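Per-entry structural report
Here are the chains, one letter per residue:
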Amino acid sequence: MNGLSFGELCYLFCCPPFPGRIAAKLAFLPPEPTYNLIAVDETKSKYTLVLNERAEWPYSEREKENVEGFYTRTSRGNRLSCIYVKCCSNAKYTLLFSHGNAVDLGQMSSFYLGLGARINCNIFSYDYSGYGMSAGKPSEKNLYADIEAAWHSLRTRYGVSPENIILYGQSIGTVPTVDLASRYEVGAVILHSPLMSGMRVAFPNTKRTWFFDVFPSIDKVSKVVSPVLVIHGTEDEVIDFSHGLSIYEKCPKAVEPLWVEGAGHNDVELYNQYLDRLKKFVSIELTN
C-alpha cells in the first residue's frame, strides 16, 4: 500500500478499527505446535522439551539436555511456556529472546543453541500467549504481559541480574522487547527487523501514531536507556528498512547498527556479518 486514500481516511475517522483486529491481522500467525513439555517428576517444576519432526533438531539427544522447560503464569492469567538454553558454562550474558511470527519454541530451540554457543551467551525464551504450549490468545496486551512474566522468571528462577540480561527482539518480538526496555534498564537491547507501529507497516506513508494504532514502538524507544543494536535487511519485504532506520534514530544510546545489504525479512541470520556484529557487540562493546 502507498498510504491512506481519502476513502480509507474517512473510514478510519468515522469507523476506526479495533486495535485488536489490526494486531491480529498484522502480526499473529501461530503455527501448529512443534513441541511438548513433559514433566520430569511429580513436582512439575521442570520439564523436558520433546520435539516433533517439524522442529528440525540437527543436534544429538544429549545436547537437548541443555534445554530446560517450565511454565509460568502471566498477570493476565495465561500459562506461559518457557525454555532456558544453557549454551555456555562461562556466559556473562543471557539473552531474553522474543522470537518472530509464525514460529514457536520448538522451531527456535536449535537456533538458540547454535547462536548462544557462537556468541557465548545463554538464551531464555518463551512462547507468546496462543503460541506453542502457551495458553490464551495472541494480543497486544498479552504480548506485554508475556514478556513481563518471562522477565520475572529469568530474574527469580535463574537469578540473572538486569545488567547481565540482553533483550533480543525479532520482528513482532521487538514490540514487547521495546516495551520492557522502556521500563527496565538492562545490559543491552538488540532489535532485529523492528517495526515503528502497526499502522506504519500497513500504511507506509503514516506519519503519526493514531489513537487506534497498535505496537507503537516508535513512541517508546526514546525511553530506552540501555545500549541498543538495531539490525535490519535493506530489502525487507515485510517490515520496510525505513522502520529500522527510524527506530535507530530515536534510540538515545544506539550503537553502530547493522544494515544487511540485500537481506530480506527472514534471511538476515544467513549473512556472515550478522554473527560478526553480534560477537563484537557482546564481547567487545558491552565489555568496554
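Relevant structure appears above.
Residues numbered from 1 in each chain as written. Predicted model: local features only at pLDDT ≥ 70, side-chain atom pairs only at ≥ 80, totals over all residues. Heavy atoms only, no water.

**Some words on the side chain of His243**
- Relative to the assigned elements, His243 resides in helix H8 (residues 241–250).
- You can call His243 buried: its relative accessible area is 3%.
- Polar contacts involving the side chain of His243 include one to the main-chain amide nitrogen of Met196, which spans 2.9 Å.
- For His243, the contacting residues outside a window of four places in its chain are Pro194, Leu195, Met196, Ser197, Arg200, Val201 and His232. (Helix = DSSP H or I, 4+ residues; strand = E, 2+ residues; numbered from the N terminus. Buried < 20%, exposed > 50% of the residue type's maximum accessible area, 1.4 Å probe, protein only. Polar contact = N/O pair within 3.5 Å; in protein donor to acceptor, adjacent residues only side chain to side chain. Contact = heavy atoms within 4.5 Å.)

**Here's the deal with the environment of Trp57**
- Inspection of the secondary structure puts Trp57 in the loop between strand S2 (47–51) and strand S3 (67–73).
- The sequence separation of Trp57 and Gly77 amounts to 20 residues, and the corresponding C-alpha distance is 31 Å.
- The residues contacting Trp57, other than those within four sequence positions of it, are Leu51, Glu63, Lys64, Val67, Ser109, Ser110 and Leu113.
- There is a polar contact of 3.1 Å between the side chain of Trp57 and the backbone oxygen of Tyr59.
- Here Ser60 takes part through its backbone oxygen, which lies 3.0 Å from a polar atom of the side chain of Trp57.

**Overview of the nonpolar core**
- If you look at the biggest cluster of nonpolar residues, it comprises 41 residues, and the most contacted ones within it are Leu95 and Leu278.
- Those residues within four positions of Leu278 in sequence are excluded, and the remaining contacts are Leu115, Ile119, Tyr168, Ile190, Leu229 and Ile231.
- Leu80, Trp151, Val175 and Val228 belong to the second-largest nonpolar core, a separate cluster that totals 40 residues. (Core = buried A, V, L, I, M, F, W, Y, C linked by side-chain atoms within 4.5 Å.)

**Let's talk about the pattern of salt bridges**
- Overall, the coordinates contain 8 salt bridges when judged by the stated rule.
- Asp213 is paired through a salt bridge with Arg200; the nearest N and O atoms lie 3.9 Å apart. Taken together, the residues Asp213 in the loop between helix H6 (198–202) and helix H7 (217–220) and Arg200 in helix H6 connect sequence positions 13 residues apart. For the pair Asp213 and Arg200, one class covers both residues: buried.
- For Arg277, the salt bridge goes to Glu285, with nearest N and O atoms at 3.2 Å.
- You can call Glu285 partly exposed: its relative accessible area is 26%.
- Three or more residues joined by partner-sharing salt bridges are found here, namely Glu148, Asp179, Arg183 and Lys220. (Salt bridge = Lys/Arg side-chain N within 4 Å of Asp/Glu carboxyl O.)

**Focus on the layout of surface pockets**
- By volume, the largest pocket is sized at about 830 Å³.
- Secondary structure elements with two or more residues in the lining of the largest pocket: helix H2 (19–27), helix H3 (105–119) and helix H9 (272–285).
- With 7 residues, H3 is the largest single contributor of residues to the lining of the largest pocket.
- Broken down by class, the residue content of the lining of the largest pocket amounts to 17 nonpolar, 9 polar and 4 charged. (1 Å grid on protein atoms, 1.4 Å probe; cavity = no way out; pocket = protein on both sides within 12 Å on 5 of 7 lines; lining within 4 Å. Points joined across faces, edges and corners; volume = space filled by probe spheres on them. Nonpolar A, V, L, I, M, F, W, Y, C, P; charged D, E, K, R; others polar.)

**Details of the packing of aromatic side chains**
- Taken as a whole and assessed by the stated rule, the structure comprises 18 aromatic pairs.
- When the ring of Trp57 is compared with that of Tyr59, the centres are 5.3 Å apart and the planes differ by 70 degrees; the resulting orientation is edge-to-face.
- Taking relative accessible area as the criterion, Trp57 reaches 16% and is therefore assigned buried.
- Relative to Phe111, the ring of Phe97 has its centre 6.2 Å away and its plane inclined at 80 degrees; by these criteria the two rings are edge-to-face. Residue Phe97 is found in strand S5 (residues 93–98), and its partner Phe111 is found in helix H3; the two are separated by 14 residues along the sequence.
- Overall, Phe97 belongs to the buried group, its relative accessible area being 0%.
- Ring-pair connections join several aromatic residues into one group, and the members of that group are Phe70, Tyr84, Phe124 and Tyr158.
- Over the aromatic face of Phe70 sits the side chain of Arg157, whose NZ or CZ is 4.0 Å from the ring centroid.
- Between the NZ or CZ atom of Arg208 and the centre of the ring of Trp210, over which it lies, the distance is 4.2 Å. (Phe/Tyr/Trp six-rings, centres within 6.5 Å; stacked < 30°, edge-to-face > 60°. Lys NZ or Arg CZ within 6 Å of the ring centre and 35° of its normal.)

Limitation: the analysis is restricted to geometry and does not speak to function.
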